[in-house]
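Coordinate analysis (summary)
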Amino acid sequence: MAKLNDILSPFTAWKHVVREPVTIKDPLNREAADRYRGFHKNDISECIGCGTCESICQNAAIDLVPVEGVDTKDGDSGLRPRVDYGRCCWCGLCVDVCTTNSLSLSNEYTWVDEDPDSFRFVPGAENKSWDNREKGYKKPGNGYELYNPKREAMEELEPEKRDQSFIEIVQGYSKEQAEQEADRCVECGICVATCPAHMGIPEYIKAIRNDDLNEGLRVLYDTNPLPEICGRICTHKCETVCSVGHHGDPLSIRWLKRYIADQNPAEEYKKILNTENLQPTGKKVAIIGSGPSGLSAAHYLALMGYQCTIYEKLPAAGGMMRFGIPEYRLPYEQLDKDINYILSLGVEIKYNVTIGKDITLEELHNQYDAVFSGTGLHMGRSTRVPGTDHPKVYQAVDLLRDIVLGKEVPVEENIVVIGGGNVAMDITRSLARLQKQKYGKVGVLATSLESEDIMPADREEVIEAREENAVIDPGWGPVEIETEGDKLKGLHVVKCVSVFDENRRFAPKFDEEQKKFFPADMVVESIGQGMDLSYLPEAFKEQLDMDQRGRILVNDDFQTSAGWLFAGGDIIQGPDVIHGIANGHKAAMGIDKYLSEK
Ligand SMILES: Cc1cc2nc3c(=O)[nH]c(=O)nc-3n(C[C@H](O)[C@H](O)[C@H](O)COP(=O)(O)OP(=O)(O)OC[C@H]3O[C@@H](n4cnc5c(N)ncnc54)[C@H](O)[C@@H]3O)c2cc1C
Ligand code: SF4
Ligand code: SF4
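Summary of the structure given here. Please read all numbers here as calculations on a predicted model, not as lab measurements. (Residues numbered from 1 in each chain as written. Chains lettered and ligands numbered in written order. Predicted model: local features only at pLDDT ≥ 70, side-chain atom pairs only at ≥ 80, totals over all residues. Heavy atoms only, no water.)

Considering the overall build of the protein chain
- For the protein chain, the helix and strand inventory stands at 21 helices and 21 strands.
- Judged by the C-alpha coordinates and their principal axes, the protein chain covers about 125 × 65 × 50 Å.
- For the protein chain, the residues scored as buried account for 51% of the 598 residues in total.
- Partitioning the contacts of the protein chain with sequence separation of at least 6, the portion at a separation of at least 24 is 71%.
- Just so you have it, the protein chain exposes about 29200 Å², and 48% of that area is on carbon and sulfur atoms. (Helix = DSSP H or I, 4+ residues; strand = E, 2+ residues; numbered from the N terminus. Buried < 20%, exposed > 50% of the residue type's maximum accessible area, 1.4 Å probe, protein only. Contact = heavy atoms within 4.5 Å. Areas by Shrake-Rupley, 256 points an atom, 1.4 Å probe, with all protein chains shown as cover.)

What follows is the structure in structure tokens.
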């Protein structure tokens, strides 16, 4: 039976009609607290579209979307975060993790709109009334970061322990150091696009965190069959865009790669990489040159079952990685670890065979189903100032090669090196070591057109060269090498006031009034290298598509207009090992496509 209360209760609500309200009439007019977490703001010119905000959001309230007027470039995905306020819980984690500090929350919380879609927008790209508000929530200052902004330091051999020998300078990370460094990665992947080989960087860094170094090796070999080498001497463009580097030190990507390669024993590679039973296709590919592009092409072709033979004019493999880069940066043992693994896949190398001399290109074409050429840049360039034809004037690449070949290398007491790039630093530092061994002291000076701030050599190379007592005196243009009979007296230089014109073209300008003389018994030129394509017969060259500068033209598969000839590395793109590796990989896939369609 119904009670009286049940009958009356619907009417109890009416008693509130006459009561005073306990809240204010219109809460929307109230100013929020200074650090209230309202709607997002984003400085889209600072934002790099790394997507770390998207990854951290526990409510999937952030999507990275393309934005008109924002382009993809190195270090910027071209995307920007779009926030969905149907999902956002205003926790502010996205602001805390933002690698560029571009994202913040204004203290605006009132917003009335009839269109539900408008509550999903791209802050910074779509104008909002709160865009210029100062108040709101920002990442706390004083170095507060969700990740450690400081790079794990790398141990290096002290100058006095290294200046007489070619033993390796960089010591490598311990397990603890590697894991701490790997822990700093926010896994944004912005580095992947900038790496010429598009290595799976966040994945191999994650493998270090998970202490699964076999998996790390598998990720490395997906795109790079020379990880010991690249883990030491890669030009590491990826690090220049690492999003953590915007407010801290970029990840030490190169040393982390080295750590994975160093920790995996060579004898287990085939098992880890599952390459014990490769299925032969019965087709053969010839490769000219055993530099990184040739080795990379051979590696990926071998995995696809092609029988590869590399023809190499020198008595050992590696190209400039062995005959250019000095041992103190890249020990032969590590170089050989990478190369021997490639050979273990059935790749053959015929040493001391020069194509164009011992065997013609035509013969290769007749004997193989396809040919890849990666012959590199091995001819030194001269400044051609008066005196360069003197016998005591040498080319850096010739001397570096002769050091490796164990030939007698001229080492005078006073040497001047002309050049400001990494090759110049390599020869300067190599000669400094040989001088220390021979004379007990260093007497080498390197000079370049470029002033110190625009010298092309890596900063660390210049610093280490000075630590080893070499003199670096940049900003001078060579005028003449003074000689007297078979003696060389030194180099006359004038001040170089600018190297490039307003269109960034090479057009050095000098102040002839400011002169210097560098006394020397020997001069080494290191101003770049040229290519030797004399193995291409003239009649063939005339048919081949080449540009005005005499470079072979290739398509996206690194295939020349001849069809059966592919080319990569320094003769096509350069200027470093990782480009050679990437070219070789793409060419291998191009050759496979070409031979599959044939
Ligand atoms: C001193 C020096 C230091 C460098 N330091 C770095 C560095 O730290 N990091 C980096 O990434 N890059 C560095 N580079 C650049 C890097 O070494 C090159 O970009 C890379 O090796 C080019 O690879 P490649 O495959 O094109 O040819 P290369 O490495 O030049 O190899 C070409 C091979 O082809 C062979 N060959 C040529 N012609 C013939 C022929 N007709 N018949 C048979 N064989 C032939 C050559 O003997 C050689 O072995 C350096 C270069 C030099 C010179
Ligand atoms: S974390 Fe920062 S820099 Fe990265 S996409 Fe988000 S807002 Fe942009
Ligand atoms: S290494 Fe740097 S750029 Fe690459 S994924 Fe990690 S944090 Fe991002």
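Read on for the rest.
Notes on the sheet that holds strand S17 (residues 487–500)
- Here three strands make up an open sheet; going across it, the order is S16-S17-S18 and the pairing antiparallel. The sheet is open, and its two borders are formed by strand S16 (476–484) and strand S18 (506–519), each paired with just one other strand. Strand-to-strand, the axes of this sheet are offset by a mean angle of 25°, without reference to chain direction. (Pairing = 2+ DSSP bridges. Axes fitted to C-alpha atoms, helices over the stretch in contact; angles between N-to-C directions.)

Considering the site of ligand 3
- Close contacts around ligand 3 come from 14 residues, with Cys185, Cys188, Gly189, Cys191 and Cys242 the closest.
- Of all the elements in the fold, those that place two or more residues in the shell around ligand 3 are helix H6 (190–194) and helix H7 (201–209).
- A per-class count over the shell around ligand 3 returns eleven nonpolar, two polar and one charged. (Near = heavy atom within 4 Å. Nonpolar A, V, L, I, M, F, W, Y, C, P; charged D, E, K, R; others polar.)

Re the packing of helix H5 (residues 175–182) against H7
- Between H5 and H7, the least distance of the axes is 8 Å, while the angle of their chain directions is 130°. In terms of orientation, H5 lies oblique with respect to H7. Two packed elements cross with a definite hand, and for H5 against H7 that hand is left-handed. The residues of H7 that touch H5, namely those facing Ala178, Glu179 and Ala182, are Ile205, Ile208 and Arg209.
- Residue composition of the contact of H5 with H7, grouped by class: four nonpolar, no polar and two charged. (Parallel < 35°, antiparallel > 145°, perpendicular 65-115°, else oblique. Left-handed = near helix turned anticlockwise from the far one by under 90°.)

A short note on the environment of Glu46
- Looking at the element boundaries, Glu46 is found in the loop between strand S1 (40–42) and helix H2 (52–56).
- In this structure the C-alpha to C-alpha distance between Glu46 and Val494, which are 448 residues apart in sequence, comes to 42 Å.
- Ignoring sequence-local partners within four residues, the contact set of Glu46 consists of Thr100 and Ser102.

Comments concerning the side chain of Glu312
- Examined against the element boundaries, Glu312 turns out to sit in the loop between strand S8 (307–311) and helix H14 (320–323).
- Notably, Glu312 is buried but unbridged: the nearest opposite-charge side chain belongs to Lys313, and the N-O separation is 7.0 Å.
- Polar side-chain contacts of Glu312 include one of 2.8 Å to the side chain of Ser290.
- With residues near it in sequence (within four places) discarded, Glu312 still touches Gly289, Ser290, Ile349, Lys350, Tyr351, Asn352 and Val353. (Lys, Arg positive; Asp, Glu negative; His and termini not counted. Salt bridge = Lys/Arg side-chain N within 4 Å of Asp/Glu carboxyl O. Polar contact = N/O pair within 3.5 Å; in protein donor to acceptor, adjacent residues only side chain to side chain.)

Quick word on the packing of aromatic side chains
- Taken as a whole and assessed by the stated rule, the structure comprises 19 aromatic pairs.
- Centre to centre, the rings of Tyr36 and Tyr109 are 5.2 Å apart; their planes meet at 50°, and the pair counts as tilted. Of the two residues, Tyr36 sits in the loop between helix H1 (4–12) and S1 while Tyr109 sits in the loop between strand S4 (103–106) and strand S5 (120–121), which places them 73 residues apart along the sequence.
- On the accessibility criterion, Tyr36 (37% relative accessible area) is partly exposed. (Phe/Tyr/Trp six-rings, centres within 6.5 Å; stacked < 30°, edge-to-face > 60°.)

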